[in-house]
Amino acid sequence: MNCQSHLYRGINRTEVTRRWFFQQCGVGLGAIALGGLFQQNGWAAPSVLGPLAPKQPPLKPKAKRIIYLFMAGAPSHLELFDNKPELTKWDGKLPPAELLKGYRAAFISPTSSSLLGPKFKFKKYGQSGTELSELLPHLAEVVDELAVVKSMHTDAFNHAPAQIFMNTGSQQFGRPSFGAWVTYGLGSESQELPGFVVFSTGQKGTSGGSSNWGAGFLPSVYQGTLFRNVGDPVLYLSNPKGVDTEMQRDTLDTVNKLNKKHLDIVGDPEIATRINSFEMAYRMQSSAPELMDIAREPKHILDMYGAEPGKASFANSCLMARRLVERGVRFVQIFHESWDHHGGLVKGLTSECKKTDQASAALIKDLKQRGMLEDTIVIWGGEFGRTPMVQGGNDGRDHHPNCFSMWLAGGGIKPGTLGESDDFGFNASKDRVHVHDLHATILHLLGFDHTKLTYRFQGRDFRLTDVSGELVTKLLA
């Protein structure tokens, strides 16, 4: 809290005015949140807006929304995007000593681990001539819509800190996620659904857990809402037997009044968030069933994604992402935690690409044919890359922060290939793009100067890019 509480020690809390509390204690957003809810119930003037009301960014935006396909576990750039013929020539040989100077690996001993040539063939596609792996035939169909960045690098080399870093700009727990910053800055265009929605489709949950989509020190109204892949998107959304809409509305009104009284006394903005959550859940009861029913989609759309109604899958979640942004949701993130191939690289990559390639490409096609790709940014990538050195016999790679690949499309992104790595895919060597640079560039496309989208907490202004980040102008159309 920002207030000078020592000046009011010993004073009865009911004698500290609510107006003073909201003005001096840094909880103005809580008041705004409550105001928006009170307006809906006739308790406030129409001029008061809620925290998720749509906001105009300070700069002219190219994009309005984001779909982030997060490939947790870190897919190998060397098998998918960054073809290295030289690495094939060095297969089975120890890496040059100068390459490993100052290098630290997660599990292998770099100096005694031999180099491993790429396991799959590459081919150039589209007018851009972008090289892609044979594992990505569907992505090859939309390659001219993509910006493939081959020179990403990061600060962390283990999953949890690297995932949190990629999603919050910090390796420390407790910082707001990318999606939370975006909804904080832009609000949402949907009143019936959360502004930030999350899916998890892999074999397990993310190593970084809910910190990847949390609000940190921002008001929790901005955190991601984790949707289930089948059935009700959140638990207990459907009314139990014997409870009709009228009874639920009466109950909710009573609970809101009690929460309002409590808020008047203690001024905690999280109480306003709780009221907002109750009201959102009530509205979702009418909007969510139609949203989740992908069987309403035409057969050719289902076939394009490879989606099967009633079955949990990455394909279904990609189709859901399009349906969500179509309804005004600002940020959708799909975490597919299945790419950590320390061994079984060939089998694992083949399996995961079959699960994700078709749907990822279909999302691009679908957004484009609906005229939405031009103001929607789609991001695909993991938390780091994989080592050119072998792990697990002759069929695995360790974690690697020095260089990895991602792709982006839509929303003011310039298609083509950006950046290069060295002959071994070990270090990013040209047009290097750090995680902070990526965040700064995407915020720019949303209409923000990344140095000015800030939130004051514990006496300092925080931002997604911490104290770093440069705009990657070569990524801009």
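Attention in this report is confined to the structure presented alongside it. (Residues numbered from 1 in each chain as written. Predicted model: local features only at pLDDT ≥ 70, side-chain atom pairs only at ≥ 80, totals over all residues. Heavy atoms only, no water.)

Turning to the side chain of Thr376, a few remarks are in order. Considering the arrangement of structural elements, one finds Thr376 in strand S8 (residues 376-381). The exposure class of Thr376 is buried, given its relative accessible area of 0%. Engagement of the side chain of Thr376 in a polar contact is seen with the side chain of Arg65, the distance being 2.8 Å. For Thr376, the contacting residues outside a window of four places in its chain are Arg65, Ile67, Leu367, Ala409, Gly410 and Gly411. (Helix = DSSP H or I, 4+ residues; strand = E, 2+ residues; numbered from the N terminus. Buried < 20%, exposed > 50% of the residue type's maximum accessible area, 1.4 Å probe, protein only. Polar contact = N/O pair within 3.5 Å; in protein donor to acceptor, adjacent residues only side chain to side chain. Contact = heavy atoms within 4.5 Å.)

Let us now look at the side chain of Glu383. With respect to the secondary-structure elements, Glu383 resides in the loop between S8 and strand S9 (385-390). Although Glu383 is buried, it makes no salt bridge; Arg386 carries the closest opposite charge, 6.4 Å away. For Glu383, the side chain forms a polar contact with the main-chain nitrogen of Ala74, separated by 3.5 Å. Within the structure, Glu383 has its side chain in polar contact with the side chain of Gln163 (distance 3.1 Å). Those residues in contact with Glu383, other than ones at most four positions away along the chain, are Phe70, Met71, Ala72, Gly73, Ala74, Thr154, His159, Ala162, Gln163, Met166 and Phe404. (Lys, Arg positive; Asp, Glu negative; His and termini not counted. Salt bridge = Lys/Arg side-chain N within 4 Å of Asp/Glu carboxyl O.)

On to the pairing of strand S17 (residues 460-463), then. Regular strands place side chains that alternate from one sheet face to the opposite one. Note: strand S16 (residues 454-457) against S17, four bridges, orientation antiparallel. Within S17, the position partnered with Tyr455 by the bridge is Phe462. The antiparallel hairpin formed by S16 and S17 contains two residues in its connecting segment, where Gln458 sits at a positive phi of about 50 degrees. (Pairing = 2+ DSSP bridges.)

Moving on, we come to the pattern of salt bridges. As enumerated under the stated definition, the model contains 23 salt bridges in all. Residues Glu86 and Lys89 are paired through a salt bridge, measuring 3.7 Å at the closest nitrogen-oxygen approach. Note that Glu86 and Lys89 are positioned in helix H4 (residues 85-89) at a spacing of three residues, about one turn of the helix. Shared partners join several salt bridges into a network, and the residues in it are Glu297, Arg322, Arg323, Glu326, Arg327, Asp366 and Arg370.

Counting buried positions along strand S7 (residues 331-335) yields five of five residues, so the element is predominantly enclosed. Residues Phe331, Gln333 and Phe335 line one face of S7 and the alternating positions Val332 and Ile334 line the opposite face, and both faces are buried. Note: strand S1 (residues 65-70) against S7, five bridges, orientation parallel. Following the sheet pairing, Phe70 is matched in S7 by Phe335. Bridge count for strand S5 (residues 196-200) against S7 is five bridges, and the pairing is parallel. When the sheet's bridge partners are listed, Phe196 is paired in S7 with Phe331.

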